[in-house]
Amino acid sequence: MIFEPQIDSGLIKDLAVAVVGYGNQGRAHALNLRDSGIKVTVGAREGRGRNWALDDGFEPTDIQIAVQYADVVVMTVPDEQMKPVFDGLVGPWLKHNATLLFAHGFAVVYEEIVPPFGAVLVSPAGPGKAVRDSYVEGGGVVAYVAAEPATLMPLAKSYGSAIGSSRVGLIPTTFREEVECDLFGEQVVLCGGMPLLALEAYASLVKAGYSRDVAHHECVAQIRLLADLMATRGLMGMWDGISDTAEWGALTVGPKIVSEEVKLAMSSALDRVRSGEFAREWIAEARSGKPNLDALRKSATDRLAELGLD
Ligand SMILES: NC(=O)c1ccc[n+]([C@@H]2O[C@H](COP(=O)([O-])OP(=O)(O)OC[C@H]3O[C@@H](n4cnc5c(N)ncnc54)[C@H](OP(=O)(O)O)[C@@H]3O)[C@@H](O)[C@H]2O)c1
């Protein structure tokens, strides 16, 4: 079920909102809220985000000052920083009954933060730039909405309206569903599985002596066109929109590539997300300065350079 598109930001109009962190999502939310007539303050540490907020005409303050009088505190710092920011700069200064608002439920689901007076989730299914650009153009980015307790759902919908998302749709969910599906989707398809599949397919063609240009076009560049077809027509529509030769190849060879072993790996990835194992591993990595992430980035960069890709 998707809530009917509507543009009345109602409830949130009477509340004071503090946006904590001014990065990808924080900037888009703060600007859209302000343009929707909502009273917004920005809390940001000294640095890049704070300078952006100044350039955008806000008067950013230290986080603990921004949150003191807020009815709604929007937590838009990186997920792995939520706990230290909340424990040190938000929690002790929070007004009684203030609602925490998250753009992703990671910190709540994995209990990095236990919201003292309830929390809402308004998670746009797109980057901050799209949230801002589409709002300015009169549209929005679809957002997942959830509330704990459920009595806060009207606030989530109202906030979703104020950032433009209800112009296209608000999808009701739970914090847990949003987090587990988001992590699974990005690991297995969007950011992990699909790009690596494309990379290894490209590498196979290059290794077999085909030109890099043709290999890139066939295995990487055309993904966008096929993704557009799937988004507009669905999976069957995409198969309808390609040649019978391509469809026969897809339906006979595709299952051999996405084999039983691959399905088991998917299932194991989901188990790790649901058990919290992935979250614990990532939080430990982030808190120790991300040494393994740096090493993995370096080997990925080296592999791309070896293949003539960036
Ligand atoms: N990125 C997306 O496309 C996307 C989409 C949907 C939901 N989300 C969610 O949105 C939330 C924010 O993510 P984001 O991508 O917007 O983050 P981001 O772009 O990395 O911005 C983070 C902001 O938090 C500040 N910050 C970082 N560490 C801090 C600390 N220890 N103390 C105080 N401030 C700190 C940064 O300050 P500086 O500017 O000084 O570094 C920056 O202003 C997350 O929950 C994320 O999962 C993101």
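Residues numbered from 1 in each chain as written. Predicted model: local features only at pLDDT ≥ 70, side-chain atom pairs only at ≥ 80, totals over all residues. Heavy atoms only, no water.

1. Some details on the overall build of the protein chain
A count of helices and strands for the protein chain gives 15 helices and seven strands. The buried share of the protein chain, reckoned over its 310 residues, is 40%. Across the protein chain, contacts joining residues at least 24 apart in sequence account for 63% of those joining residues at least 6 apart. With the model as given, the accessible surface of the protein chain reaches about 17,000 Å², and the carbon-plus-sulfur share is 59%. (Helix = DSSP H or I, 4+ residues; strand = E, 2+ residues; numbered from the N terminus. Buried < 20%, exposed > 50% of the residue type's maximum accessible area, 1.4 Å probe, protein only. Contact = heavy atoms within 4.5 Å. Areas by Shrake-Rupley, 256 points an atom, 1.4 Å probe, with all protein chains shown as cover.)

2. Some remarks on unusual backbone geometry
The step from Glu148 to Pro149 runs through a cis peptide bond, and the omega angle for that step is 5°. Mapping Pro149 onto the fold places it in the loop between β6 (143–148) and α7 (153–162). Although it is not a glycine, Asn97 adopts a positive phi angle of roughly 75°. Its place among the elements puts Asn97 in the loop between α4 (82–90) and β4 (99–102). Taking relative accessible area as the criterion, Asn97 reaches 52% and is therefore assigned exposed.

3. Comments concerning helix α6 (residues 128–136)
Where α6 is concerned, the buried positions are Gly128, Val131, Arg132, Ser134 and Tyr135. For α6, the secondary structure elements touched by its buried residues are α1 (24–35), β5 (119–124) and α7. Just past α6, the residue Gly138 takes up positive phi, approximately 95°.

4. Remarks on the pattern of salt bridges
Throughout the structure, instances matching the rule amount to 17 salt bridges. Residue Glu277 is joined to Arg272 by a salt bridge in which the shortest nitrogen-to-oxygen separation is 3.3 Å. By relative accessible area, Glu277 is classed as partly exposed at 39%. What makes Arg272 partly exposed here is its relative accessible area of 23%. The closest approach of N and O atoms between Asp302 and Lys298, which form a salt bridge, is 2.9 Å. Here the residue Asp302 and the residue Lys298 both occupy positions in helix α15 (residues 291–306), the gap between them amounting to four residues, near one helical turn. Its relative accessible area of 39% is what places Asp302 among the partly exposed residues. (Salt bridge = Lys/Arg side-chain N within 4 Å of Asp/Glu carboxyl O.)

5. Comments concerning the site of the ligand
Near the ligand there are 21 residues, and of these Tyr22, Asn24, Gln25, Gly49 and Asp79 occur at the shortest range. In this structure, an oxygen atom belonging to the ligand sits 2.9 Å away from a main-chain N or O atom of Tyr22. Within the side chain of Arg45, one N or O atom sits 3.0 Å away from an oxygen atom of the ligand. The set of elements that each furnish at least two residues to the shell around the ligand consists of α1, α2 (48–55) and α4. Residue classes in the shell around the ligand are distributed as nine nonpolar, nine polar and three charged. (Near = heavy atom within 4 Å. Polar contact = N/O pair within 3.5 Å; in protein donor to acceptor, adjacent residues only side chain to side chain. Nonpolar A, V, L, I, M, F, W, Y, C, P; charged D, E, K, R; others polar.)

6. Observations regarding the domain arrangement of the protein chain
Taken domain by domain, the protein chain consists of domain 1 (10–174) and domain 2 (183–306). The interface is formed by seven residues belonging to domain 1 together with nine residues belonging to domain 2. Of all residues in domain 1, the largest losses of buried area upon contact with domain 2 belong to Glu80, Phe106 and Tyr110, amounting jointly to 76% of the total for that side. Across the domain 1-domain 2 interface, the total number found is two salt bridges. In this structure, Lys290 and Glu80 form a salt bridge, with 3.3 Å as the shortest nitrogen-oxygen distance. Joining domain 1 to domain 2, the criterion identifies three residue pairs in polar contact (both at pLDDT 80 or more). (Domains from an automatic or database assignment. Buried area = accessible area lost by both parts, 1.4 Å probe.)

7. Digging into the environment of Ile113
As for its placement among the helices and strands, Ile113 is situated in the loop between α5 (106–109) and β5. On the accessibility criterion, Ile113 (2% relative accessible area) is buried. The spacing of Ile113 and Val67 is 46 residues in sequence and 16 Å in space, taken between C-alpha atoms. Not counting chain neighbours up to four residues away, the residues in contact with Ile113 comprise Met75, Met82, Lys83, Phe86, Leu100, Phe102, Ala107 and Val108.

8. Concerning the packing of helix α8 (residues 175–190) against helix α9 (residues 193–207)
For any two helices packed against each other, one specifies the crossing angle of their axes together with the interaxial distance. Running from N to C, α8 and α9 point in directions that differ by 5°, and their axes come no closer than 4 Å. Judged on the interaxial angle alone, α9 and α8 are roughly parallel. On α9, the residues that touch Gln187, Val188, Val189 and Leu190 of α8 are Gly193, Met194 and Pro195. Here the contact of α8 with α9 is built from residues that sort into five nonpolar, two polar and no charged. (Axes fitted to C-alpha atoms, helices over the stretch in contact; angles between N-to-C directions. Parallel < 35°, antiparallel > 145°, perpendicular 65-115°, else oblique.)

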